[in-house]
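Understanding the architecture of this molecule
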Amino acid sequence: MSLSINPRRHALLGASLAVLLSACTTVGPDFQSPGAPAAQGYAMAGDAAPAIARLDPDTAASGPWWTALGSSQLDQVIRQAIADSPTLDEADATLRQARSALAQARGEAGPQADLNAGFHRERANLQAFGFTGFGDMQLENPTFSLYSVGGGIGYDLDLFGGERRRLEGASARAEAQARRADAAYLSLTANVALQAVTIATLQAQIEATEQMIAADEANVELVRKANALGGSTSTARVAAQSQLEQDLTLLPPLRAQLAAARHALAVLVGHAPAEWTAPDFRLADLGLAGPAPIALPSQLVRRRPDILAAEADLHAATADIGVATADLYPKIRLTASIAQGSLKPADLFSYDASGWDVGAGLTAPLFDGGALKARRQQAREAAAAASARYRQTVLTAFAQVADALSALSADEESLAAHSRSLAQADENLRLAKVAYERGGGAFLEVLDAQRRVNESQSSLARANGQRLADAVRLFAAAGADWRTASDGSSD
């Protein structure tokens, strides 16, 4: 028996399929990247601008941001942190997971093919089909083996773009995770630099305190000698010893803070404190050679990782609206399958043992109690929430840059004031010593002058450290590039 297809019907079927394919559309809103902000700067009117930073429309860096601090030790430690940090290992693994989800979505959007094969040993129940025997002869149920092999293929025509929107959303989520990985790298490098600055600042404060104690000990010895010669009073001796004991109490807290900073840096680098020793960073080895270029607001939204992640989240949420909308419309799926079955392996691939089918199936929602429309509305509200989060992320980023700029401006004023204060204290100490040596001044005045010098040195160290720390925060807030020549795995 042969099967023939009417040529006119064949042409009609092809034309209908062509019409269906040409009618394919993608429902739901098309994502558009948010426009550039209207703001031209970060600070409020009247805010002072620091000399250490400048807005620059061309902020392309020649290397990772921390090289601007000019420390080879810091560069080495940050590179080690990038290589060994568990935090970055987690971020990279999560990114690979997102990219695998994207690959899965791409695979599911294309044709799906399956292969199956089987072997069955069966005993047929002839009585179930009405065969009981012939006359007095009873039929025995036969036992036989059945071999089969076959396969099938299916493809959703995606007439309304639901699969395309689903793939678009998966791609946007992978992009969001890539930007979060960038944020993790930027945060880690900034935290390492901050700990290095903290170590350097504490080192400077400890050195200033040790100098203070050394001066106190010299004063105690000076008073002791003067007292032995009858040229000093007990009051001076007690005052000098009291000053020494008071200054000795300053060292333990500073040393404890220094140890904690070193331990924190070891963890950031990816090691236990007992397994790794932090370098002895010094303030003299850290500093900005020139003004740091800061991106304009219109550029910041295109380079800061958390803003880009929020934008990608908004993109994914917008695509989800299209997925939910497409579910409201009919779906057509093309299928084809072939099966080979035989009682003998030798006959399995013969033409007489084959069977096949080709078809198309249509499914359409009829009644769901409004669930599909509610899901679309839910997707719309999720996109609205994502849009609000994006705007809030931008505002927060702008505020962080403004805070860092204001802090740096205050740091510059503070540093200048502390420098003047130290110079004045040094001169006051010199004059007090001259007066005391010539018999025109009291030794308590020398002690007080020395105290002011030591305090000014410690305060100047803190001011220097604060300025460097705020510079690091500015780099992080401005979305500075963290990549080195061997990095870029999250691109």
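Here the structure is a predicted model, which is why all the values come from computation and not from measurement.

A closer look at the overall build of the chain
Along the backbone of the chain there are 10 helices and 8 strands. Scored against the burial criterion, the 491 residues of the chain give a buried share of 37%. When contacts within the chain are restricted to residue pairs at least 6 apart in sequence, long-range pairs at least 24 apart make up 84% of them. Split by element, the accessible area of the chain, about 27,500 Å² in all, is 56% carbon and sulfur.

Quick notes on the pairing of strand E8 (residues 354-363)
Little of E8 is tucked away, with 0 of its 10 residues classed as buried. The pairing of strand E7 (residues 331-342) with E8 spans 10 bridges and is antiparallel. Residue pairing in the sheet places Ser337 in a bridge with Asp357 of E8.

Topic: the packing of aromatic side chains
All told, the structure shown has 5 aromatic pairs when counted by the stated rule. Here Phe160 and Tyr329 contribute two aromatic rings whose centre-to-centre distance is 4.6 Å and whose plane-to-plane angle is 20°, an arrangement assigned as stacked. You can see Phe160 sitting in the loop between strand E5 (143-156) and helix H4 (162-228) and its partner Tyr329 sitting in the loop between helix H8 (305-326) and E7, a full 169 residues away along the chain. Members of the aromatic cluster, each reached through a chain of ring pairs, are Trp65, Trp66 and Phe475.

A closer look at the environment of Gly107
Along the chain, Gly107 falls in helix H3 (residues 86-109). Residues Gly107 and Leu167, spaced 60 residues apart in sequence, show a C-alpha to C-alpha distance of 9.6 Å.

Focus: a nonpolar patch on the surface
A cluster of nonpolar side chains, namely Phe129, Phe131 and Leu139, defines an oily patch on the protein surface of about 340 Å² accessible area. You can see Phe129 is positioned in the loop between strand E2 (112-123) and strand E3 (133-134). For Phe129, a relative accessible area of 64% translates into the label exposed.

Topic: unusual backbone geometry
Positioned with a positive phi, Asp158 is a non-glycine residue whose angle comes to about 50°. Tracing the chain through its elements places Asp158 in the loop between E5 and H4.

Here we look at the confidence of the model for the chain
Of the residues in the chain, 88% reach a pLDDT of 70 or more, and the chain-wide mean stands at 84. Confidence drops under a pLDDT of 50 for residues 1-5, and excluding neighbours within four residues, the segment shows 1 contact in the predicted structure. Low confidence marks residues 9-15, where pLDDT is under 50. Its contacts with residues over four positions away, or in another chain, come to 1 contact.

Things to note about the pattern of salt bridges
In this structure the tally under the stated criterion is 18 salt bridges. Where Arg282 meets Glu207, a salt bridge forms, and the shortest distance between an N and an O atom there is 2.0 Å. Of this pair, Arg282 sits in the loop between helix H6 (251-269) and strand E6 (292-294) while Glu207 sits in helix H4, and the two are 75 residues apart along the sequence. Judged by its relative accessible area of 30%, Arg282 is partly exposed. When the shortest N-O distance is used, the salt bridge between Glu311 and Arg302 registers 2.4 Å.

Some points on the environment of Leu408
With respect to the helices and strands, Leu408 occurs in helix H9 (residues 371-437). Classification of Leu408 by relative accessible area gives buried; the value is 1%. Linking Leu408 and Ala471, residues 63 residues apart in sequence, is a C-alpha distance of 6.9 Å. For Leu408, the residues in contact, after removing those within four places along its chain, are Pro50, Ile52, Arg467, Asp470, Ala471 and Leu474.

Quick word on H6
Along its 19 residues, H6 runs 27 Å from first to last C-alpha, staying within 8% of the 27 Å computed at 1.5 Å per residue. If you check which residues of H6 are buried, you get Leu251, Leu254, Leu258, Ala261, Leu265, Ala266, Leu268 and Val269. The buried residues of H6 occupy one face: seen down the axis, they fall within an arc of 160°. Immediately beyond the C-terminal end of H6, within one or two residues, lies Gly270, with a positive phi of roughly 100°.

Quick look at empty space enclosed by the protein
Summed over all chains, the structure comprises 1 cavity of 30 Å³ or more. Taken as a whole, the largest cavity spans an internal volume of roughly 100 Å³. Around the largest cavity sit 13 residues that line it, and Asp156, Asp158, Gly162, Ala326 and Lys331 are the ones nearest its centre. Elements with a contribution of two residues or more to the lining of the largest cavity: H4 and E7. By residue number, the principal contributor to the lining of the largest cavity is H4, which donates 3 residues. Its residues assigned to classes, the lining of the largest cavity comprises 5 nonpolar, 2 polar and 6 charged.

What counts and what doesn't
Residues numbered from 1 in each chain as written. Predicted model: local features only at pLDDT ≥ 70, side-chain atom pairs only at ≥ 80, totals over all residues. Heavy atoms only, no water. Helix = DSSP H or I, 4+ residues; strand = E, 2+ residues; numbered from the N terminus. Buried < 20%, exposed > 50% of the residue type's maximum accessible area, 1.4 Å probe, protein only. Contact = heavy atoms within 4.5 Å. Areas by Shrake-Rupley, 256 points an atom, 1.4 Å probe, with all protein chains shown as cover. Pairing = 2+ DSSP bridges. Phe/Tyr/Trp six-rings, centres within 6.5 Å; stacked < 30°, edge-to-face > 60°. Patch = residues over 30% accessible without salt bridge, like charges linked within 9 Å, V, L, I, M, F, W, Y side chains within 5 Å. Salt bridge = Lys/Arg side-chain N within 4 Å of Asp/Glu carboxyl O. pLDDT = per-residue confidence, 0-100. Expected span 1.5 Å × (residues − 1). Arc of directions from axis to C-beta. 1 Å grid on protein atoms, 1.4 Å probe; cavity = no way out; pocket = protein on both sides within 12 Å on 5 of 7 lines; lining within 4 Å. Points joined across faces, edges and corners; volume = space filled by probe spheres on them. Nonpolar A, V, L, I, M, F, W, Y, C, P; charged D, E, K, R; others polar.

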